[in-house]
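As a plain string of letters, each chain reads:
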Amino acid sequence: MLTPRLRRLLILSTLILFFIYSLVSVSTNNPTSSAKINSIRQSILTYFYEDDNNNSLLKHVTNSKIDLGDDLLNKELQSHIKDQRYNKKSQKFYTKMFKMLNEQKFKIPALDLIGKADSRDPNLIWSRSKLSEFLKLDPLQVENLHKIHEDVFNQLPYKFPKNLYRGNGIVLIGGVQFSWLSLLSIKSVRSFGSNLPIEMIIPTPEEYEQELCEIVLPSLNAKCVLLHNVFGEEVMDTVKFSGYQYKSLALIASSFENVLLLDSDNILVSNPDELFVKEPFKTSGMVLWPDYWTRTTSPLFYDIAGINVTNTRVRKGKWPLIPSEIVEELDKVPLHDLEGSIPDLSSESGQLLIRKTDHLKTILLSLFYNLYGPNFFYKLLSQGQSGE
């Protein structure tokens, strides 16, 4: 694999060849041309010795009126400049936020379940009392956790920086075997005639594959996005990510405003482009798909998140209940049929369609939940149920 330093050296070698060509073809008696050539020469030296985020060389070459004789190279330079500007804006925005989220690691405890909410009994009613059997916290713990949750929510930004995200696109997660699975999914998408741009998120520099990212994917109107470039080394070296956490990272690392996030093992059976222009996405800005499993979220989650679950039944399983009714015997009604609770069934995380600007807080709160998921929120939200 090419390191960033070696990759930059190869780019520079190409640019220097064109620079030499320019020396021959541009009259050095022209003061303007001489000044421009000297400017580019200085930029090359500066770029080579500074860090990977330096874009002065690309800026000078792009602004130069000297004909480099290669339209493809110019397009690549423009794309590189765009990526660098995006990454700088993204790093500035997210470094501060990740620092705040990472500060919570000493405040959030590890939870221990008392058994698992994993019954296959179709007659079992997952009532408030039944779902309270698997996790116990004293009132003081709940109060402290509620305050942490409230503080984090209030510190999350209400809007993204201008032009941080644009357009529609599909996002998958690559890395090791998942790159191959994602490639199969991308080919399936293209076989149905989808024209949407696609980004494959690469978790670590070690998982970057040159041939895949620089030859194969571009031929399919797709590209690799390296998390280290988007968030910066400070974030990636300070906060340790793994597993399902990469889904939240992929969502905010992608450059798209409207995102269809897919697991790498998803194979679409039709063109997904129309999902972005039809209901329910047009109105709600979010589409979720149900999972197989019954929702077994602990009642403590609603207390910690400050969500009021009433005694009004508004659903009967996955179907709306019209008219709604006040429930007096709560043990006979599933908790997640009640107003204020998250509806049954559980949500499939392998497919998600979302408009970022409409659901900024939701996206960033889910990132918070995922960062502290393995020891806390996963247990709180599913209590050991299959599909966790």
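See above for the structure.
Residues numbered from 1 in each chain as written. Predicted model: local features only at pLDDT ≥ 70, side-chain atom pairs only at ≥ 80, totals over all residues. Heavy atoms only, no water.

Attention shifts here to the sheet that holds strand β1 (residues 168-173). Spatially, the 6 strands line up as an open sheet ordered β3-β2-β1-β4-β8-β5, and their pairing is mixed. The two strands at the open ends of the sheet, each matched to only one other strand, are β3 (222-226) and β5 (286-290). Across the sheet, the mean angle from the axis of one strand to that of its neighbour is 25 degrees, orientation sign disregarded. Alignment of β1 against strand β4 (residues 258-262), held across 4 bridges, turns out to be parallel. Within β4, the residue paired with Asn168 across the bridge is Asn258. (Pairing = 2+ DSSP bridges. Helix = DSSP H or I, 4+ residues; strand = E, 2+ residues; numbered from the N terminus. Axes fitted to C-alpha atoms, helices over the stretch in contact; angles between N-to-C directions.)

Taken N-terminus to C-terminus, the directions of helix α6 (residues 139-155) and helix α14 (residues 360-371) make an angle of 135 degrees; their axes are 10 Å apart at the nearest point. Classified by the angle between their axes, α6 and α14 sit oblique to one another. Crossing of α6 against α14: the hand is right-handed. Contacts between α6 and α14 pair His149, Val152, Phe153 and Asn154 from the former with Lys361, Leu365, Phe368 and Tyr369 from the latter. Tallied by class, the residues present in the contact of α6 with α14 amount to 5 nonpolar, 2 polar and 1 charged. (Parallel < 35°, antiparallel > 145°, perpendicular 65-115°, else oblique. Left-handed = near helix turned anticlockwise from the far one by under 90°. Contact = heavy atoms within 4.5 Å. Nonpolar A, V, L, I, M, F, W, Y, C, P; charged D, E, K, R; others polar.)

A word on the packing of α14 against helix α15 (residues 373-382). With their axes 6 Å apart at the nearest point, α14 and α15 run at an angle of 115 degrees to one another. Taken together, the axes of α14 and α15 are roughly perpendicular relative to one another. Along its contact with α14, which presents Phe368, Tyr369, Asn370 and Leu371, the element α15 presents Gly373, Pro374, Phe377, Tyr378 and Leu381. Of the residues that constitute the contact of α14 with α15, the class distribution is 7 nonpolar, 2 polar and no charged.

Bringing the pairing of β1 into the picture now. The two faces of the sheet receive side chains in turn, since in a regular strand these alternate between them. Burial within β1 is extensive, with 5 of its 6 residues counted as buried. Assessed by its sense of winding, the connection that carries the chain from β1 through helix α7 (residues 177-191) to strand β2 (residues 198-202) is right-handed. (Buried < 20%, exposed > 50% of the residue type's maximum accessible area, 1.4 Å probe, protein only. Right-handed = clockwise from strand over helix to strand, strands pointing away.)

We now examine the packing of aromatic side chains. Centre distance and the angle of the planes are the two values used to describe a pair of aromatic rings. Evaluated as defined, the whole model comprises 18 aromatic pairs. Put simply, the rings of Phe93, Tyr94, Phe98, Phe160, Tyr165, Phe231 and Phe241 pair up and form one aromatic cluster. One Lys or Arg, Lys356, reaches over the ring of Tyr165 and ends 3.5 Å from the middle of that ring. Sitting above the plane of the Phe153 ring, Lys361 keeps its charged end 4.4 Å from the centroid. (Phe/Tyr/Trp six-rings, centres within 6.5 Å; stacked < 30°, edge-to-face > 60°. Lys NZ or Arg CZ within 6 Å of the ring centre and 35° of its normal.)

Keep in mind these values describe shape, not function.
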